[in-house]
Amino acid sequence: MRLSGVGGRSLLAGAMVLLATLEVCAAPYRLGIPDRTRLDEDGEGPSRIEQTLEYLEGLIRSLSSEKSRSAKFARLGEVWGMLDQARAREHFRESVAELRRMEAELSPDAAGRAESLEEMETLRRSILRRAAAVDPELARILIEEERDRILRAHALDPEMQSAWQGQDAALIDYAEILMESDPEKAASLAIDSLKNGLPEDLSSFLTNLWESNPEGANSVFEAALQQTLESGRPELDALMALLDYVFQGAETDGWTNAQPASGIDAATTARLLNALGAALSSFPDSLQGNTAASNELTLGPEDRRDFIQDHMNLFMRYAPDQVAALESAVQRLAAGMGPGLEPKGLNPGSPALRGRNGSDPGTRTRAANSPSVSDQSLIQAALQASREGDWSRAQQLTDRVRKAESRGQAKELVALEFAMSAVRGDDFERVRHFASSLSEPTHRAEVFAATAERLIQQSRKDEALGWMEDAVAEGSRSTAAPGKARILLSLLQMSAGLSVSKAFEVAQTVVLTLNRDDAPSEQARRSSGKNTEPAGIASKRTLDGQTIERVSETALLENLEAAFERLGQLHFDDAILMVSQLRSTDRKIVAELAVCRGALSNHARKHKTSAP
């Protein structure tokens, strides 16, 4: 039965009240909450939410876990920032204080200390990002304090470096947080982050910083280059990252006319390319013709060869002394690659014929047809065929996968690829056909949701609503609890743009799903006396090169936050009533804060629109 209109919403509210009465676990949570009034009454909006936030503040203080209190205070501060900056600052300070207490209590010889520190750092970055969105000046102050903490830790406890390598990466993340509000401080923090090596994402950071602070970005680049060259044996990763920044994707005609897009002068570019050329042409014998032995190195034989050839024009222009050694390296690398992988011509004017990670299509086909080919190669070839639209070929390849579990998963991935391709092509009949080949209801739900989103973009909302209902039905059938909750939360956000009644129907399904599928873990936490917010690192497994991610609790909370913020924009009281049915205290707090934020943003938008 579909509920629609005001009458439908009232009927839904009545049903939810009855269900809330039956959910005995939810009842104690609401004791003491002020009587509800309609948020859209004149003058009631902010004061009504202030009462709710003050109630949530007390609830957060009652949590037994510092980690959970820290995370929730940051969310509370974010919402208070829309009403009262002083209160927001107070809660962000509390959030950081809880985190520091937790760190202080962690024993130096505690089991899993490195993992705990990494989780705490992930939480710290989340706190600082939320603070920066509300109060950039406070974020700057907090980041200054964290910078000093990290530098002191390096000076006083050098062994911490081997226990946890995340501290320097933290500085570059802090710098990124400050990039918009204080680009000069961002550059300074980035330079500090170089003290123990170059961060992995330095190139993208420099490119982004260059947009607002070119001088600062170039200063960070100069410091990074100097440190890399002084290391004695510069790492390829570092040199290639710096090269990416210098040219910022400015490749033209095989690099013939490429100019440093960042403003780095020719002499500096030459220094970089001389070092890069020397590193590329010098490699261990194990790399030549031995891909297996080189898997842990920066570039395998083929990738290294292709990179040299693709950038030969740059070397000829800025580092001509390296050209002979690089040509010799290409020949040495190609000598051990076997048939079908002969070196490309070394004509500097010729553009690259293949990408760094590519190979000749004929070679791929011959490899896939070999009787000794591995399941991994078959699956990769099948996925390539699916991307090229060759359903018959993809099916043939997956049928040849020997391991039954891998074969089933490969067929699922191929069918999903074809279904999504049909969505992009607006071929909705084929969408149904390929979706029927999917064995996992969550995957069918994703396909139907993508179709609904496509129709929404085309202003075909009535048709989108039908696909949305199908998506919800499929999502509800799934037995994979985390994935089921994730897709239903996504559908909740989408349905809010189609129909208020549909959004609350989906929200009810979300609540029932979370309560039913996750009740055992919540009860276990209660019985152990702990009220914790689980780690934010999603667990992963790999199917022959395809990464499949299971939703972590923290990721689920983020999805919950986004969905219920949207619900709060539709109807504050009904959204609060919906939240009250959640069993998990952590999730209740996150969802109710999100409802408050959504209602506040909606209230502010209405008043801005009605202002003279």
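Residues numbered from 1 in each chain as written. Predicted model: local features only at pLDDT ≥ 70, side-chain atom pairs only at ≥ 80, totals over all residues. Heavy atoms only, no water.

**Regarding the overall build of the protein**
Right, so step 1: On a plain count of helices and strands, the protein comes out with 28 helices and two strands.
Right, so step 2: Every one of the 612 residues in the protein was classed for burial, and the buried ones make up 49%.
Right, so step 3: For the protein, the exposed surface amounts to about 27,800 Å²; the carbon and sulfur share of it is 50%. (Helix = DSSP H or I, 4+ residues; strand = E, 2+ residues; numbered from the N terminus. Buried < 20%, exposed > 50% of the residue type's maximum accessible area, 1.4 Å probe, protein only. Areas by Shrake-Rupley, 256 points an atom, 1.4 Å probe, with all protein chains shown as cover.)

**Here we look at the packing of helix 3 (residues 66–80) against helix 4 (residues 85–105)**
Helix packing for two helices is described by the angle between their axes and how far apart those axes are.
Right, so step 1: One way to put it is that helix 3 packs onto helix 4 with a least axis distance of 8 Å and a crossing angle of 165 degrees. With respect to helix 4, the element helix 3 is oriented roughly antiparallel. Helix 3 and helix 4 meet at a crossing whose hand is left-handed. Mapping the contact onto sequence places Glu66, Lys67, Arg69, Ser70, Phe73, Ala74, Leu76, Gly77, Glu78 and Trp80 in helix 3 and Gln85, Arg87, Ala88, His91, Phe92, Glu94, Ser95, Glu98, Leu99, Met102 and Glu105 in helix 4. (Axes fitted to C-alpha atoms, helices over the stretch in contact; angles between N-to-C directions. Parallel < 35°, antiparallel > 145°, perpendicular 65-115°, else oblique. Left-handed = near helix turned anticlockwise from the far one by under 90°. Contact = heavy atoms within 4.5 Å.)

**Thoughts on the side chain of Ser499**
Right, so step 1: One can find Ser499 in the loop between helix 24 (481–495) and helix 25 (500–527).
Right, so step 2: Note on Ser499: relative accessible area 17%, which makes it buried.
Right, so step 3: A polar contact of 3.1 Å, which involves the side chain of Ser499, links it to the backbone nitrogen of Lys502. (Polar contact = N/O pair within 3.5 Å; in protein donor to acceptor, adjacent residues only side chain to side chain.)

**Focus on a negative patch on the surface**
Right, so step 1: Together, Glu200, Asp201, Glu235 and Asp237 make up a region of like negative charge exposed at the surface.
Right, so step 2: Position of Glu235 among the secondary structure elements: in the loop between helix 11 (214–230) and helix 12 (236–247).
Right, so step 3: With relative accessibility at 58%, the residue Glu235 sits in the exposed group. (Patch = residues over 30% accessible without salt bridge, like charges linked within 9 Å, V, L, I, M, F, W, Y side chains within 5 Å. Salt bridge = Lys/Arg side-chain N within 4 Å of Asp/Glu carboxyl O. Lys, Arg positive; Asp, Glu negative; His and termini not counted. Charge placed at Lys NZ, Arg CZ, Asp CG, Glu CD.)

**What to know about the packing of aromatic side chains**
Right, so step 1: Taken as a whole and judged by the stated rule, the model has seven aromatic pairs.
Right, so step 2: Aromatic side chains Trp391 and Phe418 sit 4.9 Å apart centroid to centroid with 90 degrees between the ring planes, which places their arrangement in the edge-to-face category. Of the two residues, Trp391 sits in helix 19 (residues 391–399) while Phe418 sits in helix 20 (residues 404–424), which places them 27 residues apart along the sequence.
Right, so step 3: Taking relative accessible area as the criterion, Trp391 reaches 26% and is therefore assigned partly exposed. (Phe/Tyr/Trp six-rings, centres within 6.5 Å; stacked < 30°, edge-to-face > 60°.)

**Section: the environment of Leu83**
Right, so step 1: As for its placement among the helices and strands, Leu83 is situated in the loop between helix 3 and helix 4.
Right, so step 2: Classification of Leu83 as partly exposed rests on a relative accessible area of 28%.
Right, so step 3: On a C-alpha basis, the gap between Leu83 and Leu600 in space is 8.6 Å, while along the polypeptide they are 517 residues apart.

**Observations regarding the confidence of the model for the protein**
Right, so step 1: Scored by pLDDT, the protein has a mean of 75; 72% of the residues are at 70 or more.
Right, so step 2: For the protein, per-element mean pLDDT is lowest for strand 2 (residues 546–549), which scores 37, and highest for helix 3, which scores 94.
Right, so step 3: Low pLDDT (under 50) marks residues 288–297, which in the prediction has 13 contacts with non-local residues, meaning those over four places away or in another chain.
Right, so step 4: Here residues 520–551 is a poorly scored stretch, pLDDT under 50, and it has 71 contacts once near neighbours within four places are set aside; other chains count. (pLDDT = per-residue confidence, 0-100.)

**Focus: unusual backbone geometry**
Right, so step 1: You will see that Asp426, though not glycine, has its phi angle at about 60 degrees, which is positive.
Right, so step 2: By the secondary structure assignment, Asp426 is in the loop between helix 20 and helix 21 (428–435).
Right, so step 3: The phi dihedral of Ser459 falls on the positive side, at around 60 degrees, and the residue is not glycine.
Right, so step 4: You can see Ser459 is positioned in the loop between helix 22 (441–457) and helix 23 (461–477).
Right, so step 5: Its relative accessible area of 63% is what places Ser459 among the exposed residues.

**What about the pattern of salt bridges?**
Right, so step 1: Summed over the entire model, instances satisfying the criterion amount to 39 salt bridges.
Right, so step 2: Note that Glu145 is salt-bridged to Arg93, the shortest N-O span being 3.1 Å. With Glu145 in helix 6 (residues 136–156) and Arg93 in helix 4, this residue pair connects regions lying 52 residues apart in the sequence.
Right, so step 3: The exposure class assigned to Arg93 is partly exposed, which follows from its relative accessible area of 35%.
Right, so step 4: Each member of the salt-bridge network shares a partner with another, and the members are Arg93, Arg100, Glu103, Glu121, Arg124, Arg125, Glu145, Glu146 and Asp173.

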